[in-house]
Amino acid sequence: MARAFNPHYRLPQKLRWLLGAASFLLPVLLWCAVSYLPFVWHPQIKITDPGGVSYFEADMRTDRATFELEKSNMTAQHLAMPQGIAANPVYLPAPHEVVRAFYTAFTTPPAQADDPWLHQSLWHSVKLVFYAFFISSIIGVPLGILSGTSPVISRLTEPFVEFFRYLPAPAFGALMVAILGIYDGPKIAIIVIGTLFQQILIIANTTRKLDVGLMEAALTLGASRRRLLTRVVVPGILPDLYRDQRILLGWAWTYLIVAELIGTSSGITWFITQQARYQHFDNVYAAIIMIGLIGLGIDLLLAWLGHRLFPWDKSR
Amino acid sequence: MSLLSPKFTRRTFLISAILCSTISTAYAAPLKIGYSDWPGWVAWQIAIDKGWIKQAGVDASFQWFDYSASLEAFAAGKLDAVLATNGDTLVTGSAGGRGTMILATDYSSGNDMIIGKAGIKSLKDLVGQSVAVETGLVDHLLLINGLKKAGIAENAIKLVNAKTNELPQILASGSVSAIGAWQPVAGQALKATAGAHPLYTSADEPGLIYDVLAVSPNSLNKNRADWIKLTQVWDKVVTYINDPKTQSDALKIMAQRSGGGITPESYKKLLYGTHLLNLADNQAVMVKAKGFKSLYGSTYFVDKFNVNQGIYRTAQNVDSYIDPKLVQGK
């Protein structure tokens, strides 16, 4: 038990996998319990037969109190009793409904002939995130490294960046449309604004954590400023920089949904908002899970790649 | 080299030909029109799908938007035209995004509604209660108009500001006694809350809310002939929807455009809540008059409302926002 709370204790491989699987299994089990065991929650009644109640309709959901009230009303008036089954609110579909929605979302052709299929929408969103993160990194990574090595550049950029990172990216929506038009431009810009400023600060900090001894040794050996940067600083922080980028990529994804609401409707966000409007929450959950799976999938891939790229990195 | 040498003239000809063609392609960029999921605007999908716009010789591209995003894009000058309510055209215009109303697609006749929870029998029962609307938008106007007619002072109710899309959940939560919303959101509220029912709708005041095609003055000036042709295409759309023989096909197209999940049969309800206006109707409503039978009268009214509610400060010159000539083919 003492080992369970020692952060440096390395769990046996088998146990690691088991616990990892349980971290997914537990929420799913909880969800199943809430969905399939009527006595756990089920605060509503889904009407199967409206009976004599004028405003009831089949498939409508109502709270238990109203249902009981109408039942006694009907008894008093000698009218047909309404029938119904215990149900959860419409915003909490059961797991199997979401699984089915996950499948049908990909197999159902788009309602409108010139509209994209779901996989095309998803690909559009993935591309947006990728382009935005690429642009952000082209600026953010070099600037962050420079700020982390040079006090002059640090003072010249970081106070402003500190200020700007507090400005909420979505607030720039209308402005970006005015500058960049109605298609993908403003969407990419919003993700860049949401990611870039954090990126500069995080990477600058990572750079500053580099062992000073390494730099002093290099300087003593007569390294020029440029060689110091390219031969000591960058290789020294590379594994940490890589890890930062993985986290920052997640940041880019979180801005996707706001970004895609700007300008013309597009991507996975269009699917989510439209399905939510008609209360098809099974589809909404399915789409949210898709985003999660893509995000996790890319991160696992990058982690695996990291192992290969930086075999000397022991700080994992 | 003499100016008249064949080589020179040929080159000048080539250059001018290239110049002309670039100018004409720049000129012929398609007209960009923003549309969203209000039934009176989704109707344009019929003209798009049937190829009527191309047939009329107009190069126009309709861009599908979330409503408020389309207003933003129009205000930013990225669209030639937008489908909006007459009131929102004024709001956008007051901030510099001028649009000239050249066509009224419809007026709301039931699709905008004040919905009360079970137990609330009429607007009178709302005295002292909370009502949620998206303030400054059309259903705020509808609420104020209804209260006025019922003889209730505006401050007798507690107004709660909320996003239209979230109103069904707010009503279902029981924290307010009524909400004001338009279709398809209103329908969701009715379905989600047992016993919820309309207390007052735009059918009680037809013409309070007109929906229009608002064109940027610049594009109207440059492409007037094209915009006239589009009003004629609209006439064809209204005929197609109203003709019992073609209505089911029209409903199918419209339900599809609204994004899966709504059947053509249930779309019929949404269609009946909006009164489509053909060209003849347009010629009638685009006559200067007071009252809701005229687009002018309705817009004067909403202009006053906008000023009273502090949505903008100075009254707009409503007449300058409407060009009644295009529906007459001029």
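Analysis parameters
- Residues numbered from 1 in each chain as written.
- Chains lettered and ligands numbered in written order.
- Predicted model: local features only at pLDDT ≥ 70, side-chain atom pairs only at ≥ 80, totals over all residues.
- Heavy atoms only, no water.
- Helix = DSSP H or I, 4+ residues; strand = E, 2+ residues; numbered from the N terminus.
- Rg over C-alpha atoms; globule rule 2.2 N^0.38 Å.
- Buried < 20%, exposed > 50% of the residue type's maximum accessible area, 1.4 Å probe, protein only.
- Areas by Shrake-Rupley, 256 points an atom, 1.4 Å probe, with all protein chains shown as cover.
- Domains from an automatic or database assignment.
- Contact = heavy atoms within 4.5 Å.
- Buried area = accessible area lost by both parts, 1.4 Å probe.
- Salt bridge = Lys/Arg side-chain N within 4 Å of Asp/Glu carboxyl O.
- Polar contact = N/O pair within 3.5 Å; in protein donor to acceptor, adjacent residues only side chain to side chain.
- Pairing = 2+ DSSP bridges.
- Axes fitted to C-alpha atoms, helices over the stretch in contact; angles between N-to-C directions.
- UniProt positions renumbered as here; feature names shortened; annotations may be inferred.
- Parallel < 35°, antiparallel > 145°, perpendicular 65-115°, else oblique.
- Core = buried A, V, L, I, M, F, W, Y, C linked by side-chain atoms within 4.5 Å.

This paragraph deals with the overall build of chain A. For chain A, the count of helices and strands is 12 helices and 3 strands. In summary, chain A has a C-alpha radius of gyration of 27 Å against a globular reference of 20 Å for 316 residues, an excess of more than 25%. By principal-axis analysis of the C-alpha atoms, chain A measures approximately 100 × 60 × 35 Å. Residues counted as buried form 38% of the 316 residues belonging to chain A.

Of regular secondary structure, chain B possesses 15 helices and 11 strands. Counting only C-alpha atoms, chain B reaches 95 × 45 × 35 Å along its principal axes. When the 330 residues of chain B are sorted by exposure, 53% land in the buried category. Surface summary for chain B: the accessible area is close to 14300 Å², and the carbon and sulfur share equals 56%.

Below, the discussion takes up the domain arrangement of chain B. All names here are of chain B. Taken domain by domain, chain B comprises domain 1 (31-109 + 207-328) and domain 2 (112-204). The straight-line distance from the C-alpha centre of domain 1 to that of domain 2 is 25 Å. At the junction of the two partners, domain 1 supplies 15 residues and domain 2 supplies 16 residues. Summing the contributions of domain 1 and of domain 2, the shared interface buries around 1400 Å²; its carbon and sulfur component is 70%.

A separate point is the domain arrangement of chain A. Residue and element names in this part refer to chain A. On domain assignment, one finds that chain A holds domain 1 (25-95) and domain 2 (107-309). Taking the mean C-alpha position of each, domain 1 and domain 2 sit 44 Å from one another. A combined buried area of about 390 Å² lies between domain 1 and domain 2, and 76% of that area is made up of carbon and sulfur atoms. Together, V90, Y91 and P93 form the three largest contributors to the area buried by domain 1 at its contact with domain 2, with a combined 77%. Seen at the junction of domain 1 and domain 2, the total is 0 salt bridges.

Turning next to the interface of chain B and chain A. Each partner contributes residues to the interface: chain B has 32 residues there, and chain A has 26 residues. For the pair chain B and chain A, the two sides together bury roughly 2500 Å², of which 52% comes from carbon and sulfur. It is B:K78, B:Q188 and B:A194 that lose the most area in chain B upon contact with chain A, and together they represent 19% of the buried surface on that side. The tally of links between chain B and chain A comes to 0 salt bridges. The tally of links from chain B across to chain A stands at 3 residue pairs in polar contact (both at pLDDT 80 or more). Looking at the side of chain B that touches chain A, the elements with two or more residues in it are α3 (44-50), β2 (60-64), α5 (67-75), α9 (185-192) and α12 (247-257) of chain B. Ranked by residues supplied to the side of chain B that touches chain A, first place goes to α9(B) with 4 residues.

Turning our eyes to something else, we now look at the sheet that holds strand β3 (residues 83-87) of chain A. All names here are of chain A. Taken in spatial order, the 3 strands of this open sheet run β2-β1-β3, and their pairing is antiparallel. The open sheet has two edge strands with one neighbour each: β2 (61-63) and β3. The average undirected angle you get between the axes of adjacent strands in this sheet is 40 degrees. Looking at chain direction, strand β1 (residues 44-49) and β3 are connected through 5 bridges and run antiparallel. Across the sheet, residue I47 finds its bridge partner in β3, namely G84.

Now for the UniProt feature "domain: SsuA/THI5-like" (unreviewed entry) in chain B. Here, UniProt's "domain: SsuA/THI5-like" (unreviewed entry) annotation points to residues 46-236 of chain B. For residues 46-236 of chain B, helix accounts for 38% and strand for 25%, while the C-alpha atoms at its two ends are 10 Å apart.

Our next topic: the UniProt feature "transmembrane region" (unreviewed entry) in chain A. UniProt annotation of "transmembrane region" (unreviewed entry) refers to residues 15-37, 128-146, 166-183, 188-206, 248-272 and 284-306 of chain A when read in the numbering used here. With 44% helix and 0% strand, the stretch residues 166-183 of chain A has end C-alpha atoms that lie 26 Å from each other.

For α5(B), the full list of buried residues reads B:Y67, B:A69, B:S70, B:L71, B:A73 and B:F74. The secondary structure elements touched by the buried residues of α5(B) are α6 (173-180) of chain A together with α2 (39-42), β3 (81-85), α6 (86-94) and β10 (210-215) of chain B. Phi for B:G77, located one or two positions after α5(B), is positive at around 80 degrees.

Further remarks concern the packing of α12(B) against helix α13 (residues 264-272) of chain B. All names here are of chain B. The N-to-C vectors of α12 and α13 enclose an angle of 95 degrees; their axes lie 9 Å apart at closest approach. Taken as axis vectors, α12 and α13 run roughly perpendicular relative to one another. Each of Q247, L251, K252, M254 and A255 in α12 lies in contact with α13, whose residues at this interface are P264, Y267, K268, L271 and Y272.

Next up on the list: the nonpolar core. If you look at the biggest cluster of nonpolar residues, it comprises 139 residues, and the most contacted ones within it are A:I268, B:I33, B:I46, B:L213, B:W227 and B:I241. Among the elements that line this core, the one with the most residues is helix α7 (residues 184-208) of chain A, at 10 residues. Apart from residues lying up to four places away in sequence, A:I268 is in contact with A:L118, A:S121, A:L122, A:S125, A:L256, A:E260, A:A287 and A:I291. In this structure, B:A132, B:L171, B:A186 and B:A196 belong to the second largest nonpolar core, which totals 13 residues.

So, about the side chain of B:R257. Residue position: B:R257 is located in helix α12. Here B:R257 falls in the buried class, since its relative accessible area comes to 5%. Residues in contact with B:R257, not counting those within four places in the same chain, are A:Q112, A:D115, A:W270, B:Y35, B:V42, B:Q45 and B:W64.

Now for the pairing of strand β8 (residues 178-182) of chain B. Residues and elements named next belong to chain B. Within β8, 5 of the 5 residues are buried, which leaves the element mostly enclosed by the surrounding structure. Of the two faces of β8, both are covered, the one formed by A178, G180 and W182 as well as the one formed by I179 and A181. Relative to β8, strand β6 (residues 130-133) is paired through 2 bridges, and the arrangement is parallel. Its bridge partner being in β8, V131 is matched across the sheet by A178.

Moving on to the pattern of salt bridges. Tallied over the full model, the rule gives 10 salt bridges over all chains. Measuring nitrogen to oxygen at the nearest pair gives 2.9 Å for the salt bridge that ties A:R243 to A:D240. Taken together, the residues A:R243 and A:D240, both in helix α9 (residues 225-254) and 3 residues apart, mark about one turn of the helix. Owing to a relative accessible area of 33%, A:D240 belongs among the partly exposed residues under this scheme. In this structure, B:D319 and B:K288 form a salt bridge, with 3.3 Å as the shortest nitrogen-oxygen distance.

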